[in-house]
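The lines below spell out each chain.
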There are 4 protein chains.
Amino acid sequence: MGARELAEKDLFARHCGITLVHAGKGQATAKMEIQPHHLNGVGIVQGGALFTLADMALATASNAYDVVAVGLTSSITYFKAESSGILFAKATELSLRRTVATYQVKVTNEQDELIAVFQGTVYRKNPK
Amino acid sequence: MGARELAEKDLFARHCGITLVHAGKGQATAKMEIQPHHLNGVGIVQGGALFTLADMALATASNAYDVVAVGLTSSITYFKAESSGILFAKATELSLRRTVATYQVKVTNEQDELIAVFQGTVYRKNPK
Amino acid sequence: MGARELAEKDLFARHCGITLVHAGKGQATAKMEIQPHHLNGVGIVQGGALFTLADMALATASNAYDVVAVGLTSSITYFKAESSGILFAKATELSLRRTVATYQVKVTNEQDELIAVFQGTVYRKNPK
Amino acid sequence: MGARELAEKDLFARHCGITLVHAGKGQATAKMEIQPHHLNGVGIVQGGALFTLADMALATASNAYDVVAVGLTSSITYFKAESSGILFAKATELSLRRTVATYQVKVTNEQDELIAVFQGTVYRKNPK
């Protein structure tokens, strides 16, 4: 199963309205148009929605090889609150080793302002 | 607006089927019954769903005081994959200072096994 | 080579004046008496000194088994600035799996106040 | 007190043999020539030494403005083990807000290979 197929079968990403824009070796871009159901109690996009958007980019980028990659640990740092428009998450590879790989994901808005930075490290299982 | 009210107005948490079990000063417990729409492409709960569950506990615990707390940075580390049952997220306060506070959130299953650990630091805005 | 022996051969920890108080399976305690050379430009213990103290506890706790554990990623969150006295770092195991393990380390002062919290995930190499 | 002066008064950085290469607004580069006392029990540069090198770049970059910046939280992810040569840490600004700022620091060797990635968030105190 390829990275794109994995992304299409990701029911939670679909539930959150997240779609794939681009998928390549060790890189991917996902997007999410902000809807009322993405907002938290103070009317801005919930941290979990931003995280899920970034995580979708991470999963796609890290599963572009011949192995299944599963998340070990991820972090997100928030810079700017948004409540409307389209958000993009672009994953790039910081390091790829046999069993572990690390990606940075930048979340930006339509004006290309940095909304959040996410970093994730995955464990790469043996090739099937 | 109190922490419980903030939680009830969190549309994204509601969209994810997350509810509040307990809310106190600097502590909170949230829960989520795993549904098919919480799963990722390999059939386990998506990292973003676990993060959102933990983030709901963080938001509730950190907004239990006289100030609005917004997320600065959070991390999550995954220990065990789940695909059914009920998950709980319990937030406890590690540190509370005037403008910054930090919480640990443990995500467990019905057998009280540790599924993930989350840590979040919030910025506390001036009292309204 | 056991965990205690690894700790004794850690030249950087020795250079920093860090010593082992206790070593067990998946747990360890290290200590450091604050000296002028641990301070930064504003006269408080440098973040790197706190990190190194915590990292020593992590390395000892995670190498208590039959495999060599090397750091993948670690984070530290600072709660209180110190400039004198003795600091302790106590590592406990959050998760132990075949190839990956995660530890929390609490750094406290002589009054048992929480100075910082550290979390580290290690990769466990094949048994020698 | 400027960022460069703060760096020069950092006794722990000096104790670790770390020096400043460049200091600018929101950016800085530090370096460290690996010595035997930087190594851990398995003969590679200790995580705490890499962290301290990166932290020095963070502190210098974040104190380049009219306010004192103190660390809130930092993380480091290790990619490659080193045991000799010179290491460089280059900090760049991801976000600068009134009271909080975030920096990424890349640690590289003389061949410009990525050894580790560090990210730090600081709290900016009121101008003196």
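Above this note sits the structure.
Residues numbered from 1 in each chain as written. Chains lettered and ligands numbered in written order. Predicted model: local features only at pLDDT ≥ 70, side-chain atom pairs only at ≥ 80, totals over all residues. Heavy atoms only, no water.

Undergrad: Go over the interface of chain B and chain A, please, and point to the residues and values.
TA: Of the residues lining the interface, 30 residues belong to chain B; the matching set on chain A comes to 30 residues. Carbon and sulfur atoms make up 59% of the area that chain B and chain A hide from each other, which totals about 2600 Å². In this assembly, chain B and chain A are joined by zero salt bridges. Inspection of the region where chain B meets chain A yields 17 residue pairs in polar contact (both at pLDDT 80 or more). Breaking the side of chain B that touches chain A down by element, the ones donating at least two residues are α2 (11-15), α3 (47-62) and β3 (69-78) of chain B. The element that contributes the greatest number of residues to the side of chain B that touches chain A is β3(B), accounting for eight residues. Taken together, the residues that form the side of chain B that touches chain A break down as 13 nonpolar, 14 polar and three charged. As paired elements, strand β3 (residues 69-78) of chain A and β3(B) share five bridges and run antiparallel to each other. Directly across from A:Ile76, in β3(B), lies its bridge partner B:Ser74. (Contact = heavy atoms within 4.5 Å. Buried area = accessible area lost by both parts, 1.4 Å probe. Salt bridge = Lys/Arg side-chain N within 4 Å of Asp/Glu carboxyl O. Polar contact = N/O pair within 3.5 Å; in protein donor to acceptor, adjacent residues only side chain to side chain. Helix = DSSP H or I, 4+ residues; strand = E, 2+ residues; numbered from the N terminus. Nonpolar A, V, L, I, M, F, W, Y, C, P; charged D, E, K, R; others polar. Pairing = 2+ DSSP bridges.)

Undergrad: Could you give an account of the environment of D:Phe79, with specific residues and numbers?
TA: Looking at where D:Phe79 falls in the secondary structure, it is placed in the loop between β3 (69-78) and β4 (86-96). Sequence-wise, D:Phe79 and D:Ala116 are 37 residues apart; in three dimensions their C-alpha atoms are separated by 5.3 Å.

Undergrad: Give me the lowdown on the sheet that holds strand β1 (residues 18-24) of chain B, citing residues and values where you can.
TA: An order of β1(A)-β2(A)-β4(A)-β5(A)-β6(A)-β3(A)-β3(B)-β6(B)-β5(B)-β4(B)-β2(B)-β1(B) is seen for the 12 strands of this open sheet, with the pairing classed as antiparallel. This sheet does not close on itself; its edge strands, each paired only once, are β1 (18-24) of chain A together with β1 of chain B. Each strand axis lies, on average, 20° off the axis of its neighbour in the sheet, ignoring direction. Strands in contact with α3(B) are β3 of chain A together with β1, β2 (27-33), β3, β4 (86-96), β5 (100-108) and β6 (114-124) of chain B; relative to β2(B), the strand with the most contacts, it is inclined by about 150°. (Axes fitted to C-alpha atoms, helices over the stretch in contact; angles between N-to-C directions.)

Undergrad: Talk me through the packing of helix α3 (residues 47-62) of chain A against α3(B); I want residue IDs and the actual numbers.
TA: It is at 8 Å that the axes of α3(A) and α3(B) come closest, and there the two elements cross at 160°. Compared by their axis directions, α3(A) and α3(B) come out roughly antiparallel. The two elements α3(A) and α3(B) meet at a crossing, and its hand is right-handed. In this structure, α3(A) uses A:Gly47, A:Gly48, A:Ala49, A:Phe51, A:Thr52 and A:Asp55 to contact α3(B), whose residues at the interface are B:Gly47, B:Gly48, B:Ala49, B:Phe51, B:Thr52 and B:Asp55. (Parallel < 35°, antiparallel > 145°, perpendicular 65-115°, else oblique. Left-handed = near helix turned anticlockwise from the far one by under 90°.)

Undergrad: Quick one: what's the story with helix α3 (residues 47-62) of chain C, residue by residue and with numbers?
TA: Residues and elements named next belong to chain C. Given a rise of 1.5 Å per residue, 16 residues ought to cover 22 Å, and the 22 Å separating the end C-alpha atoms of α3 matches this to within 8%. By the criterion of burial, α3 is predominantly enclosed, with 15 of the 16 residues buried. Capping the start of α3, Gln46 holds a side-chain oxygen 2.7 Å from the backbone nitrogen of Gly48, two or three residues further along. (Expected span 1.5 Å × (residues − 1). Buried < 20%, exposed > 50% of the residue type's maximum accessible area, 1.4 Å probe, protein only.)

Undergrad: Let's hear about the interface of chain C and chain A: which residues, and what values?
TA: Taken together, the contact between chain C and chain A spans six residues of the former and seven residues of the latter. Across the chain C/chain A interface, buried area totals approximately 530 Å², and carbon plus sulfur atoms make up 64% of it. Contact with chain A buries surface across chain C, with C:Leu72, C:Thr73 and C:Tyr123 losing the most and accounting together for 61% of the total. If you look at where chain C meets chain A, you find zero salt bridges. Between chain C and chain A we count two residue pairs in polar contact (both at pLDDT 80 or more) in total. In the side of chain C that touches chain A, the residues fall into three nonpolar, two polar and one charged.

Undergrad: Which residues make up the relation of the copies chain B and chain A, and what values go with them?
TA: Between chain B and chain A, which share one sequence, the superposing operator has a rotation angle of 180° and an axial displacement of 0.0 Å; the RMSD is 0.0 Å. What we have between these two chains is a two-fold relation. Taking the C-alpha atom as reference, chain B places B:Ser75 closest to the rotation axis, 2.0 Å from it. Both copies present the same face, since 100% of the interface residues in chain B are matched by interface residues at the equivalent positions in chain A. (Least-squares fit on C-alpha atoms with pLDDT ≥ 70 in both.)

Undergrad: Hey, could you go over the side chain of A:Thr52 for me, with residue numbers and the actual values?
TA: Positionally, A:Thr52 belongs in helix α3. Leave out the neighbours within four places in its chain, and A:Thr52 touches A:Phe12, A:Cys16, A:Ile18, B:Gln46, B:Gly48, B:Ala49 and B:Thr52.

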